[in-house]
Amino acid sequence: NTWKYPLRNPPPSEKDWPKEDKEDFFLLDPCRKCDVLPQPLRMINKLVMQAFESAMEVIERREMLQEAQNPKVQPKKCFPTAEFQVTEGANCLAVSGKYIFVGLSVGLAAFNTRDFGNVCSWDAAKTEICAIHVSDLGKECHVLLAVDEMGLAWLFCFHKESFLLIKTLNEVEDISQRSTCVKVVLSQGGDYAGILLQGNTKTWLEIYKLPKDSWLTEMEKHAGAAEELACSEGRSSSSAEVGTFLLQERSVPAVQADVELDPPVLQLTLRPPKSITGTSFQGPLDALKEVDDGSMLGLGYNHLIKDSQWELQEAIFRSTYKKYLEARGVMEEEEIPRYATFYFLLPSQILMAPEMKGEPADIPVGIGVHWDENYNFCLYLFNHSLEEADSDLKPDVVWPCAAPIACSAVSSCSRYLALAGADATITIWDKHLGYPLDVTAILEERFIRSMHFL
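Residues numbered from 1 in each chain as written. Predicted model: local features only at pLDDT ≥ 70, side-chain atom pairs only at ≥ 80, totals over all residues. Heavy atoms only, no water.

- As recorded in an unreviewed UniProt entry, the protein goes by WDR93 protein and comes from Nicator chloris.

Here it is as structure tokens:
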């Protein structure tokens, strides 16, 4: 037999190929060709794989966040180690030495930090204490400045586990003339006390010098009598209840009638700065004579701008920015500042008078204050006479700023001063040398409310 036609390779016929071999047929395992899952199980397998992949993405994302947070310093968690109970509602507290002073809804209470027992209480006035400031005077003596719900500032001395009321600083006979205390500050060491008072139409700041040396002398003189009184009370209470033990609050005399302490002395009275008005000088020579004493340099009062020029500038400003002023609801009349922030300052090269040289470095020599919506941080020395203290006192040093001061902070050594303006700009000043160390601008439309040195 012979072939009729010559031998040739047949042409490929793709239409006869199985559909499952069209794609990736060379990756299929011949041994598993018969192990392909049927359709319902393949759908289940697909859903399970999708869930597994989603879970792996979540795990990877959490691992990345954990790795990013590991280098950061984690805050230490603190848990209470002890507790003590008070008989009335607690509004505020302060710690000085080994005592915790608590302002209650009715009076004051002192607790010992060793066993958290109530060592003394004061409720003679039956008033609610809202704020407490305390400073350690040494020799187991502490000075307290408390503010009650009516705005009265109470000055106490705490010695030998008993309260002694020294004076109510803003108490007057005519209740209609009473001023409200809105802020109290004690200097470190208890040499000075400051209270911010508000009346119906005015606000002012009073600085008192505390005669702590005479207080310590007087307290030491009566220490022996107080110990004898405590021993006699202990013997009488033990004889009254023999064989019984009651866990109750100790009753300690809150006021020692035989001890009379000297009242604090008013050192300064500071009022908000006056608004800048037209000049009263006849010429430049009169203005230069006022500037020569240096008492008002920096406040902007000694100028040659007339009232008509101020009025013209105000009219131009309001007509140019009328829609913005109406949107913000700007008042036509300038409001009187109602709040001030103040600090007691230690001696420095700027804040030091010639007659104050040789003073201890840990006793304040002046005060720094700024009022709300004011551009100046003013420094006052404590070397003014009593006549000057009652008058409209002028600052000894003025620290002007480009924007209204929103908040401020002073370091514990009182060398560094931080001022935050209403334009969200923070400036750190070296008060000893008088030049800025750093200027930082925060993001726009941010308002800085408080700052603290660590």
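So, next bit.
### Section: the overall build of the protein
- Of the regular secondary structure elements, the protein holds seven helices and 20 strands.
- By the burial criterion, 34% of the 454 residues in the protein qualify as buried.
- Considering only contacts within the protein whose residues lie at least 6 apart along the sequence, 52% involve residues at least 24 apart. (Helix = DSSP H or I, 4+ residues; strand = E, 2+ residues; numbered from the N terminus. Buried < 20%, exposed > 50% of the residue type's maximum accessible area, 1.4 Å probe, protein only. Contact = heavy atoms within 4.5 Å.)

### Focus: the packing of aromatic side chains
- Counted under the stated rule, the structure contains twelve aromatic pairs.
- With centroids separated by 6.3 Å and ring planes inclined at 40°, the aromatic side chains of Y99 and F101 adopt a geometry described as tilted. For the residue pair Y99 and F101, the accessibility class agrees, reading buried in each case.
- Taking 6.3 Å as the distance between ring centres and 25° as the angle between the ring planes, the aromatic pair formed by Y192 and F344 counts as stacked. Here Y192, found in strand 10 (residues 192–198), pairs with F344, found in strand 13 (residues 340–345); they are 152 residues apart in sequence, far enough to count as distant.
- Residue F344 is classed as buried on the basis of its relative accessible area, which comes to 13%.
- Three or more aromatic residues joined by ring pairs make a cluster, and in this case those are Y99, F101, W122, W154, F156, F158 and F163.
- The side chain of K202 reaches across the aromatic face of W204, ending 5.5 Å from its centre. (Phe/Tyr/Trp six-rings, centres within 6.5 Å; stacked < 30°, edge-to-face > 60°. Lys NZ or Arg CZ within 6 Å of the ring centre and 35° of its normal.)

### A look at the confidence of the model for the protein
- In the predicted model, the protein carries a mean pLDDT of 77, and the fraction of residues at 70 or more is 71%.
- Per-element mean pLDDT across the protein ranges from 57 in helix 3 (residues 223–240) up to 92 in strand 10.
- Within the model, pLDDT remains below 50 along residues 238–255, and this stretch shows 21 contacts once partners closer than five positions in the same chain are excluded. (pLDDT = per-residue confidence, 0-100.)

### A few points about the side chain of T127
- Tracing the backbone through its elements, the reader meets T127 in the loop between strand 4 (118–122) and strand 5 (129–138).
- Filtering out sequence-adjacent residues up to four positions away, T127 remains in contact with L104, S105, V106, G107, W122, D148, E149 and W154.

### Some remarks on the sheet that holds strand 10
- With antiparallel pairing, four strands are arranged side by side in an open sheet as 9-10-11-12. In this open sheet, the two strands that pair with only one neighbour each are strand 9 (180–186) and strand 12 (265–270). Between one strand and the next, the sheet's axes are offset by a mean angle of 20°, whatever the strand orientation.
- Bridge count for strand 10 against strand 11 (residues 203–209) is seven bridges, and the pairing is antiparallel. Looking across to strand 11, one finds that L196 is bridged to L205. (Pairing = 2+ DSSP bridges. Axes fitted to C-alpha atoms, helices over the stretch in contact; angles between N-to-C directions.)

### A short note on the pattern of salt bridges
- Inspection of every chain in the model, using the stated rule, returns four salt bridges.
- When the shortest N-O distance is used, the salt bridge between D123 and K126 registers 3.7 Å.
- A relative accessible area of 37% means that D123 is categorised as partly exposed.
- Here D430 ties to R415 by a salt bridge, and the two come within 3.0 Å at their closest N and O atoms. With a gap of 15 residues between them, D430 in strand 19 (residues 425–430) and R415 in the loop between strand 17 (405–410) and strand 18 (416–421) connect regions that are remote in the sequence.
- Relative accessible area serves as the criterion here: at 3%, D430 is assigned to the buried category. (Salt bridge = Lys/Arg side-chain N within 4 Å of Asp/Glu carboxyl O.)

### Describing the nonpolar core
- Ranked by size, the top nonpolar core spans 25 residues in total, and within it L145, L155, I195, W215 and L261 carry the most contacts.
- If you list the elements that add at least two residues to this core, you get strand 6 (141–148), strand 7 (153–159), strand 8 (163–168), strand 9, strand 10, strand 11 and helix 2 (212–221).
- Of the residues forming this core, the biggest block, four residues, is contributed by strand 6.
- Not counting residues up to four positions away in its chain, the partners in contact with L261 are C157, L164, I166, W215, E218 and M219.
- Grouped together as the second largest cluster of nonpolar side chains are 19 residues, F101, A110, F158 and F163 included. (Core = buried A, V, L, I, M, F, W, Y, C linked by side-chain atoms within 4.5 Å.)

### Here we look at the sheet that holds strand 3 (residues 108–112)
- Ordered by their spatial adjacency, four strands build an open sheet running 1-2-3-4, and the pairing between neighbours is antiparallel. Taken across any chain shown, the strands that pair with only one partner, and hence form the sheet edges, are strand 1 (90–96) and strand 4. Sheet twist, expressed as the average angle between the axes of neighbouring strands with direction ignored, equals 20°.
- Here strand 1 runs beside strand 2 (residues 99–104); their pairing, made up of six bridges, is antiparallel. Residue pairing across strands places A90 opposite L104, the latter belonging to strand 2.

### Structural notes on the environment of E149
- Looking at where E149 falls in the secondary structure, it is placed in the loop between strand 6 and strand 7.
- For E149, a relative accessible area of 48% gives the class partly exposed.
- Once you skip the residues sitting within four places of it in the chain, E149 turns out to touch T127, E128 and C130.

### Quick word on helix 2
- Burial in helix 2 covers these residues: K212, W215, L216 and M219. With its buried residues spanning 95° around the axis, helix 2 presents them on a single face. Facing away from the buried surface of helix 2 by more than 90 degrees, the exposed residues are D213 and K221. (Arc of directions from axis to C-beta.)

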